[in-house]
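# Architecture and fold: a report
One-letter residues, chain by chain:
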Amino acid sequence: MGPQHPGRPGGPHAAESAEVGPKIALRALSVSYGDRRALTTVTLPMQAHRVTALIGPSGCGKSTLLRAINRMNDIIPGTRVEGDILLDGESIHAAGTDVVALRRRVGMVFQKSNPFPKSVFENVAYGLRITGVRDRRDIEERVEESLRAAALWEEVRDRLHAPALTLAGGQQQRLCIARALAVQPEVLLMDEPASALDPMATQRIEELIHGLKRTYTIVIVTHNMQQAARVSDTTAFLWMGQLVEYGRTEDVFTAPRERLTEDYVTGRFG
């Protein structure tokens, strides 16, 4: 197993990012489910307004890592976490952490689109209502803003009160992104967001990710090497729960430091 390489990648904003520190920092993070170790001492920085791709074969710990960032693993019985995750320099595991507030700051979009059996409008408004937003005009403005941010407004503006489940698959996934954006998170976690979509819908999601990183810090899990290369600024390669390599996406795919990384990104296994 090669060494981890968690150093900050370069780029036009590298000096600026280095000064303020990473948006998210994993510090020797280990996660176990009962007796099964899913992640082992992963140290990894994730810069603000960048897309970080997590790649690796099935079962390597990608989704566990993703869920750890907003403590979704907490709901799985027998989960044990060691090490830490910092969000803007503060531990998300500190005593007294409001996990609900954390999940507002760190939104999540799942592999399979999961709109609620409500109207398009109420799907996006849902998070606003449960966080206490009551003003009708405020809700309407935030719903429109979120649908525009998810590149869906023009397609649904005349169908806001139609059932969300009548939308096409790619539209449903963008609706779920809009729902996540409505509560104005800082970080967006995306677990295989286009794996169930056709090529055209996948392209729309990828274009959307490019635009969203201007406002959000994005972490995406993908099995699709071409997608990781297209959408991400930095890439982390995981293997059997360990971080093998991390760096600028271009470097990881064209000049990997580790033989295991090279074998994976060139399709020799995985």
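In this report, we go over the structure that sits alongside the text. (Residues numbered from 1 in each chain as written. Predicted model: local features only at pLDDT ≥ 70, side-chain atom pairs only at ≥ 80, totals over all residues. Heavy atoms only, no water.)

## Some words on helix α4 (residues 120-130)
Residues of α4 that are buried include every one of Val 120, Phe 121, Asn 123, Val 124, Ala 125, Gly 127 and Leu 128, and no others. On the buried face of α4, the contacting elements are α5 (136-149), α6 (153-156) and α7 (169-182). Phi for Gly 132, located one or two positions after α4, is positive at around 100 degrees. (Buried < 20%, exposed > 50% of the residue type's maximum accessible area, 1.4 Å probe, protein only. Helix = DSSP H or I, 4+ residues; strand = E, 2+ residues; numbered from the N terminus. Contact = heavy atoms within 4.5 Å.)

## Examining the side chain of Thr 202
Here Thr 202 shows up in helix α8 (residues 199-212). Relative accessible area serves as the criterion here: at 12%, Thr 202 is assigned to the buried category. Not counting residues within four places of it along the chain, the set of residues in contact with Thr 202 comprises Ala 194, Leu 197 and Gln 227.

## Brief notes about unusual backbone geometry
One non-glycine residue, Ala 28, lies in the positive phi region at around 50 degrees. Looking at Ala 28, the relative accessible area reads 35%, which means it is partly exposed. In this structure, Thr 41 takes a positive phi of about 40 degrees despite not being glycine. Along the polypeptide, Thr 41 turns up in strand β2 (residues 36-46). By relative accessible area, which is 39% here, Thr 41 ends up partly exposed.

## Observations regarding the sheet that holds strand β6 (residues 106-109)
Reading across the sheet, the six strands line up as β6-β7-β8-β3-β9-β10 and stay open at both edges, with mixed pairing between neighbours. Single-partner strands in this sheet number two, and they are β6 and β10 (242-248). For this sheet the average axis-to-axis angle between neighbouring strands, irrespective of direction, equals 15 degrees. In the sheet, β6 pairs with strand β7 (residues 187-191) via four bridges, with the strands oriented parallel. Looking at β7, one finds that Val 106 is bridged to Val 187. Along the sheet, α7 contacts β6 and β7; its crossing angle with β6, the most-contacted strand, is approximately 170 degrees. The strands touched by α8 within the sheet are β3 (51-55), β7 and β8 (217-221), with β8 carrying the most contacts at an inclination of about 150 degrees. (Pairing = 2+ DSSP bridges. Axes fitted to C-alpha atoms, helices over the stretch in contact; angles between N-to-C directions.)

Remember, this is a structural readout, not a statement about activity or role.
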